[in-house]
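# Examination of the molecular architecture
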Amino acid sequence: MAWGILCRLWAGVLGLLLVQSAGAAPPGPLADALALPHASALVGARDVPLFAWVETEAGMRNVWVGGPGRTARQLTTFTRDDGQHISDLALSRDGSMLAFVRGGDEDMPNEGDLPNTAREITPPRQAVAIVPTADGAQVTIGDGHSPAFSPTGDRILFARRGEIWLWAKGGQARRVASLPGRIARLGWSPDGKRLLIAEERGEHGFVALLDLAEPRLTYLDPGLGHSLDPTFSPDGREVAFIRTMAPPAGEVPDSGPYWSIRIVDVHTGKA
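### Overview of the pattern of salt bridges
Overall, the coordinates contain ten salt bridges when judged by the stated rule. The salt bridge partner of Arg-243 is Asp-221, with a shortest N-O separation of 3.3 Å. Here Arg-243, found in strand S18 (residues 238–244), pairs with Asp-221, found in the loop between strand S16 (216–219) and strand S17 (226–232); they are 22 residues apart in sequence, far enough to count as distant. Note on accessibility: Arg-243 and Asp-221 belong to one class, buried. Between Asp-221 and Arg-262 there is a salt bridge, with its nearest N and O atoms 2.9 Å apart.

Here it is as structure tokens:
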């Protein structure tokens, strides 16, 4: 039986290559298998039992929502297999709004040229969009990635090639900072007054705070290595993050303190 399945798969691969070279739609068991739906990128709202995920079927990617006691339903209406990724899903705390990114490369979200697998005349964008989870129209708020809702849900941060942009409900997105490195993560303080940033600069990386009222950028306990995955304490007084360092040449990973969790007092800067 296994040999028969293998033969059918090889036949499907050869048929797919022949049909693609002829420019037609690929038929057969391989195409049927590739068309099977699968879900990924599951996220949840903080304060309500609502979930969102990406569902891919026959190459078409769309966002779905659902939860306990709710019928799962499709939220977006993309109808083409154009190779454009959907990623970076984020729900507001109350679950009323969803933000997501369409386009770009999942492995390198803000580096290099954007993929154009469908050979469009106008190259695709990598854009942040929002849509109400109950009912409403999808709105694109700007080019970029990594959207993050404010605690009140009326503002969204997102990144664009080393820049930080802020969108407020009823307005247009505006740039609030430009950093020399790649922005790997964005977050909010519990009071919504400061931004928490993970910035990568190749061989090293930093964690920074940006005060929106000043505005002023403060790097927290800067040092050698990579500072990753920062998060605020619930009261906003401290920030925790991971720091990793490459061992010196000839050393083994367990021979020294090359991995640590750092905790920084936001007001004093003491780590």
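The rest of the description comes next.
### Considering the pairing of S16
With four bridges joining them, strand S15 (residues 205–211) and S16 adopt antiparallel strand pairing. Each residue of the ladder has a partner; that of Asp-211, found in S16, is Arg-216. Here S15 folds back onto S16 in antiparallel fashion, the turn holding four residues.

### A word on the packing of aromatic side chains
How two aromatic rings sit relative to each other is given by the distance of their centres and the angle of their planes. Evaluated as defined, the whole model comprises three aromatic pairs. Relative to Phe-100, the ring of Phe-78 lies with its centre 6.5 Å away and its plane at 80°, an arrangement referred to as edge-to-face. Taken as a pair, Phe-78 in the loop between strand S4 (70–74) and strand S5 (86–91) and Phe-100 in strand S6 (residues 97–102) lie far apart in primary sequence, 22 residues in all. Phe-100 matches Phe-78 in its accessibility class, with the two residues each being buried.

### Brief notes about the environment of Ser-92
By the secondary structure assignment, Ser-92 is in the loop between S5 and S6. By relative accessible area, which is 1% here, Ser-92 ends up buried. When the C-alpha positions of Ser-92 and Thr-152 are compared, they lie 8.0 Å apart, and in sequence the two are 60 residues distant. Apart from the residues lying within four places of it in its own chain, the contact partners of Ser-92 are Ala-45, Met-97 and Phe-149. One polar contact links the side chain of Ser-92 to the main-chain amide nitrogen of Ser-96, over a distance of 3.2 Å.

### Here we look at the nonpolar core
Membership of the largest hydrophobic core comes to 15 residues, with the highest contact counts inside it found for Ala-52, Val-63, Ile-86, Leu-89, Leu-91, Leu-98 and Phe-100. Secondary-structure elements contributing two or more residues to this core are strand S2 (51–57), strand S3 (60–67), S5, S6 and strand S7 (127–132). Counting residues per element, this core draws most heavily on S5, at three residues. Sequence-distant contacts of Ala-52, defined by excluding residues within four places in its chain, comprise Ala-41, Leu-42, Val-43, Val-63, Trp-64, Val-65, Leu-89, Leu-91 and Leu-98.

### Topic: unusual backbone geometry
With phi around 55°, Ala-58 is a residue other than glycine that occupies positive phi space. Relative to the helices and strands, Ala-58 is located in the loop between S2 and S3. Assessed through its relative accessible area of 39%, Ala-58 is described here as partly exposed. Phi at Asp-229 is positive, roughly 50°, even though this residue is not glycine. If you trace the backbone, Asp-229 turns up in strand S17.

### Considerations on the sheet that holds S6
Reading across the sheet, the four strands line up as S5-S6-S7-S8 and stay open at both edges, with antiparallel pairing between neighbours. Among the strands making up the open sheet, the edge pair consists of S5 and strand S8 (139–143). When the angles between neighbouring strand axes are averaged without regard to direction, this sheet yields 25°. By the bridge criterion, four bridges tie S5 to S6 in an arrangement that is antiparallel. Each residue of the ladder has a partner; that of Ser-87, found in S6, is Val-101.

### Thoughts on the sheet that holds strand S1 (residues 38–44)
Across the sheet, which stays open at both edges, the four strands sit in the order S1-S2-S3-S4 with antiparallel pairing between neighbours. Each having just a single partner strand, S1 and S4 make up the two edges of the open sheet. Between one strand axis and the next, the sheet turns through 20° on average, direction left out of account. Relative to S4, S3 runs antiparallel, the two sharing three bridges. When the sheet's bridge partners are listed, Trp-64 is paired in S4 with Gln-74.

Cut-offs used in this document
Residues numbered from 1 in each chain as written. Predicted model: local features only at pLDDT ≥ 70, side-chain atom pairs only at ≥ 80, totals over all residues. Heavy atoms only, no water. Salt bridge = Lys/Arg side-chain N within 4 Å of Asp/Glu carboxyl O. Helix = DSSP H or I, 4+ residues; strand = E, 2+ residues; numbered from the N terminus. Buried < 20%, exposed > 50% of the residue type's maximum accessible area, 1.4 Å probe, protein only. Pairing = 2+ DSSP bridges. Phe/Tyr/Trp six-rings, centres within 6.5 Å; stacked < 30°, edge-to-face > 60°. Contact = heavy atoms within 4.5 Å. Polar contact = N/O pair within 3.5 Å; in protein donor to acceptor, adjacent residues only side chain to side chain. Core = buried A, V, L, I, M, F, W, Y, C linked by side-chain atoms within 4.5 Å. Axes fitted to C-alpha atoms, helices over the stretch in contact; angles between N-to-C directions.

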